[in-house]
Amino acid sequence: LLDSPPRVLAGLPVSIEGGGAGIVSFWDGVSKGWRVNDAGGDSSVTLPEAKLQSKRIQAHHILGLLPSAPKEPRVVAALNELHELGALSHENTPSVIGAAC
């Protein structure tokens, strides 16, 4: 933990410099980079943080990080409630009200 970078990327989507995309798994301290799984989850590679660009984070990415992630119908219902309350925009990103909460 002491040699890990200050930014947390684990579990979040990224674009890879030179093309490609994936989901970050964990900080690989031995290789000094982030372990990234490809979109299909078939392979992984360790890359330095400089080669990764964060993608727009949506609600389902955050909910997927929970220890027992909710099923899809519950996620849809929760997103609908947040839209009705004005906490999410039409792109499932936080509105000013949602960010203030």
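Residues numbered from 1 in each chain as written. Predicted model: local features only at pLDDT ≥ 70, side-chain atom pairs only at ≥ 80, totals over all residues. Heavy atoms only, no water.

## As for the packing of aromatic side chains
Working step 1: One pass over the structure, following the stated rule, counts 1 aromatic pair.
Working step 2: Aromatic side chains Trp27 and Trp34 sit 5.3 Å apart centroid to centroid with 70 degrees between the ring planes, which places their arrangement in the edge-to-face category. (Phe/Tyr/Trp six-rings, centres within 6.5 Å; stacked < 30°, edge-to-face > 60°.)

## A short note on the pattern of salt bridges
Working step 1: Counting across every chain of the model gives 3 salt bridges.
Working step 2: Close ionic contact of Glu17 with Lys51 constitutes a salt bridge, the shortest N to O distance being 3.7 Å. In this pair, Glu17 sits in the loop between β1 (13-16) and β2 (21-28) while Lys51 sits in the loop between β4 (44-47) and β5 (52-54), placing the two residues 34 residues apart along the sequence.
Working step 3: Assessed through its relative accessible area of 36%, Lys51 is described here as partly exposed. (Salt bridge = Lys/Arg side-chain N within 4 Å of Asp/Glu carboxyl O. Helix = DSSP H or I, 4+ residues; strand = E, 2+ residues; numbered from the N terminus. Buried < 20%, exposed > 50% of the residue type's maximum accessible area, 1.4 Å probe, protein only.)

## Section: the pairing of β2
Working step 1: As paired elements, β1 and β2 share 3 bridges and run antiparallel to each other. Residue pairing for β2: Val14 is matched across the bridge by Gly22.
Working step 2: Two successive antiparallel strands, β1 and β2, enclose a turn made up of 4 residues, where Gly18 displays a positive phi of approximately 90 degrees.
Working step 3: Where β2 and strand β3 (residues 33-38) come together, 6 bridges link them in antiparallel fashion. Across the sheet, residue Asp28 finds its bridge partner in β3, namely Gly33.
Working step 4: As consecutive antiparallel partners, β2 and β3 are separated by 4 residues, and within that stretch Lys32 has a phi angle of approximately 55 degrees, a positive value. (Pairing = 2+ DSSP bridges.)

The analysis is restricted to geometry; functional conclusions fall outside its scope.
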